[in-house]
Amino acid sequence: MTPIELRCLPTKLQKKHQSSTSGGLIARLGVDKRCKGQGFGEWLLIDALAKLLSASDSVAFPVIIVEAKDGLKHFYEKYGFTAFKDDESKLFITIADVRESLSEL
Ligand SMILES: CC(C)(COP(=O)(O)OP(=O)(O)OC[C@H]1O[C@@H](n2cnc3c(N)ncnc32)[C@H](O)[C@@H]1OP(=O)(O)O)[C@@H](O)C(=O)NCCC(=O)NCCS
C-alpha cells in the first residue's frame, strides 16, 4: 500500500473517493534483461494487477499506483495507466478499470 494525494487525481475520482487515503503499489516489477521483449513483462504486470484486485476485496482501495522509471511511462500507459497531474512519472489505474479489463480476458 502507498499513501495517495487525492488532489492529484482527476476531479471525478477525487469526489468519488473522498475518504480514501491509500492505493495499491506496484514496485520493483522487472524482467531479467536476457528475457526482455518476450511477453514476460506483460504477464508480470497482469499478474500483479490481478493480485491487487483480489486484495482490494479485503482492504478497499480505489487505485493502483506505479512510479515508472525513465522511459517506462509508455509501457504502463499501454496497459491503461494515467499519469498524475503533478508528476508525470507516477501513474495510476482505477480498481474499477482493472476489474473490467480482467473480466474480458
Ligand atoms: C519494463 C519491463 C518489465 C518490460 O518487460 P518485457 O518482458 O520486456 O515486456 P514485454 O515483452 O512483456 O512487452 C509488453 C509490451 O510492452 C511494450 N514495452 C516493453 N518495454 C517497453 C518500454 N520500455 N516502453 C514502452 N513499451 C514497452 C512492448 O513493446 C510490448 O508491446 P507490444 O506487445 O505492443 O509489442 C522490462 O523492460 C524491465 O524489466 N525493465 C527493467 C526494470 C524496470 O525498469 N522495471 C520497471 C520499474 S517501474
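Residues numbered from 1 in each chain as written. Predicted model: local features only at pLDDT ≥ 70, side-chain atom pairs only at ≥ 80, totals over all residues. Heavy atoms only, no water.

Undergrad: I keep staring at the packing of helix H2 (residues 40-58) against helix H4 (residues 95-103) and nothing clicks. Help me out?
TA: Helices that pack against each other are described as a pair by the angle of their axes relative to one another and the distance between those axes. Put simply, H2 and H4 touch, their axes get as near as 10 Å, and they point 120° apart. In terms of axis orientation, H2 runs oblique to H4. As for the relative orientation of H2 and H4, their crossing is left-handed in sense. Across the interface between the two elements, Ile 46, Leu 49, Ala 50, Leu 52, Leu 53, Ser 56 and Asp 57 from H2 touch Ile 95, Val 98, Arg 99 and Leu 102 from H4. (Axes fitted to C-alpha atoms, helices over the stretch in contact; angles between N-to-C directions. Helix = DSSP H or I, 4+ residues; strand = E, 2+ residues; numbered from the N terminus. Parallel < 35°, antiparallel > 145°, perpendicular 65-115°, else oblique. Left-handed = near helix turned anticlockwise from the far one by under 90°. Contact = heavy atoms within 4.5 Å.)

Undergrad: Looking at this structure, I do not really get the pattern of salt bridges. What am I missing?
TA: Close approach of charged atoms allows side chains of opposite charge to pair. As enumerated under the stated definition, the model contains 6 salt bridges in all. One salt bridge connects Asp 57 with Arg 99, and the closest N-O pair in it is separated by 3.4 Å. On the criterion of sequence distance, the pair formed by Asp 57 in helix H2 and Arg 99 in helix H4 is long-range, its members being 42 residues apart. For Arg 99, a relative accessible area of 40% puts it in the partly exposed group. (Salt bridge = Lys/Arg side-chain N within 4 Å of Asp/Glu carboxyl O. Buried < 20%, exposed > 50% of the residue type's maximum accessible area, 1.4 Å probe, protein only.)

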